[in-house]
Amino acid sequence: MQVKIAAKTKLPTPFGEFELIGFETESGQEHVALAMGSYTDGAPVLTRVHSECLTGDALFSQRCDCGPQLEAAMQKIADQGRGIIVYLRQEGRGIGLINKLRAYAEQDKGLDTVEANEILGFLPDARDYRVAAAMLEALSVAEIRLMTNNPDKVQSLTDAGIKVVERVPHQVAASPHNQHYLATKTKKFGHLL
Ligand SMILES: Nc1nc2c(ncn2[C@@H]2O[C@H](COP(=O)(O)OP(=O)(O)OP(=O)(O)O)[C@@H](O)[C@H]2O)c(=O)[nH]1
Ligand SMILES: [Zn+2]
């Protein structure tokens, strides 16, 4: 998987100023990374590989925990003054925004998040983390402390050549709306919650 750094700029946020790095893949996909501090010095970098969730990241959805997880990652990185968020445009665990909304509609009828994907003909999780590994390599980052509860993410990044020296638990407070969703993540995806 080849990616190229297409643009770099500043991103001032309530958590502090990040460097915003835009990437393009060979197939024309666009992804971004937010970086703070000196991440090229060889020491393991506190890292979040975050999958796009328009509803959670931008629209305050309480169906999932994505928005608070993104904020928590930005805060933890700002507290340390050093770290990277790889923001992957793999919306809906890779099935895309409209298909995720279709899956939500199935969940409204009583299916869980895995069953809803399957009834629509998708894998429960269609994400590919090789692009995240390629982005980290392009930033000269080889060793990370990964903020996640998802063991598959740790394994997939490891398989793609990134050394995950530590899994940093990344749990945020549940809401009444996302309890079932979080329970399914634990039961069906093996999330460490
Ligand atoms: N298809 C589908 N995607 C969902 C659903 N709810 C959230 N997502 C997507 O799931 C992705 C986030 O994945 P999660 O399973 O919440 O968490 P994770 O990234 O695997 O694990 P953590 O690193 O612990 O956060 C985002 O791309 C969301 O858009 C859903 O019900 N169906
Ligand atoms: Zn979400």
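Reference entry: report on the structure contained in this document. Quick caveat, the model's predicted, so the values are computed rather than measured. (Residues numbered from 1 in each chain as written. Chains lettered and ligands numbered in written order. Predicted model: local features only at pLDDT ≥ 70, side-chain atom pairs only at ≥ 80, totals over all residues. Heavy atoms only, no water.)

Structural notes on the environment of Leu192
The following threshold applies: To qualify as a helix, a DSSP run of H or I must reach at least 4 residues; to qualify as a strand, a run of E must reach at least 2; elements of each kind are numbered from the N terminus. Burial status follows relative accessibility: with a 1.4 Å probe on protein chains alone, a residue under 20% of its type maximum counts as buried, one over 50% as exposed, and anything between as partly exposed. Residue contacts are defined here by distance: any two heavy atoms, one from each residue, within 4.5 Å place the two residues in contact.
In this fold, Leu192 is placed in the segment after helix 7 (179-189). Classification of Leu192 as partly exposed rests on a relative accessible area of 42%. Counting along the chain gives 23 residues from Leu192 to Pro169, while the straight-line C-alpha distance between them is 8.0 Å. Apart from the residues within four sequence positions on either side, Leu192 is in contact with Asn149, Pro151, Arg167 and Gln171.

Quick look at the site of ligand 1
Just so we agree on the cut-off: Nearness is judged by heavy atoms alone; a residue qualifies as near a molecule or strand once a single heavy atom is within 4 Å of it. Contacts described as polar in this section are N or O atom pairs within 3.5 Å, which, within protein, must combine one atom able to donate a hydrogen with one able to accept it, while residues neighboring in sequence count only if both atoms come from side chains.
Neighbouring residues of ligand 1: 25 residues in total, closest Arg48, Thr148, Lys153, Tyr181 and Lys185. In this structure, Asn117 approaches ligand 1 through a side-chain N or O atom, which is 3.0 Å from a nitrogen atom. Between an oxygen atom of ligand 1 and a side-chain N or O atom of Lys185, the distance comes to 2.7 Å. Among the secondary structure elements, those contributing two or more residues to the shell around ligand 1 are strand 4 (45-51), helix 2 (66-80), helix 3 (97-108), helix 4 (113-119) and helix 7.

Things to note about the pattern of salt bridges
Here is the rule: A carboxyl oxygen of Asp or Glu within 4 Å of a side-chain nitrogen of Lys or Arg is what we treat as a salt bridge.
Applying the stated criterion across every chain yields a total of 13 salt bridges. A salt bridge links Lys188 to Glu115, with the shortest nitrogen-to-oxygen separation between them at 3.6 Å. Of the two residues, Lys188 sits in helix 7 while Glu115 sits in helix 4, which places them 73 residues apart along the sequence. According to the relative accessible area criterion, Lys188 is partly exposed, its value standing at 36%. For the salt bridge of Arg130 with Asp128, the shortest nitrogen-to-oxygen distance reads 2.7 Å. For Asp128, a relative accessible area of 25% translates into the label partly exposed. Residues joined by salt bridges that share partners form a network here, namely Asp112, Glu115 and Lys188.

Points about the packing of aromatic side chains
Counted only if it meets this: Note on ring pairs: Phe, Tyr and Trp rings are taken, using the six-membered ring of Trp, and paired if centres are within 6.5 Å. Classes follow the plane angle, with under 30 degrees stacked, over 60 edge-to-face and the rest tilted. Whether a charge sits over a ring depends on NZ of Lys or CZ of Arg being within 6 Å of the ring centre and within 35 degrees of the ring normal.
Across all of its chains, the model carries zero aromatic pairs by this definition. For the cation-ring pair, Arg63 lies above Tyr104, with the distance from its terminal atom to the ring centre recorded as 4.1 Å.

Re unusual backbone geometry
The phi dihedral of Phe60 falls on the positive side, at around 60°, and the residue is not glycine. Structurally, Phe60 is set in the loop between helix 1 (54-58) and helix 2. Even without a glycine there, the phi angle at Ser140 is positive, about 65°. Examined against the element boundaries, Ser140 turns out to sit in the loop between helix 5 (130-138) and strand 6 (143-147).

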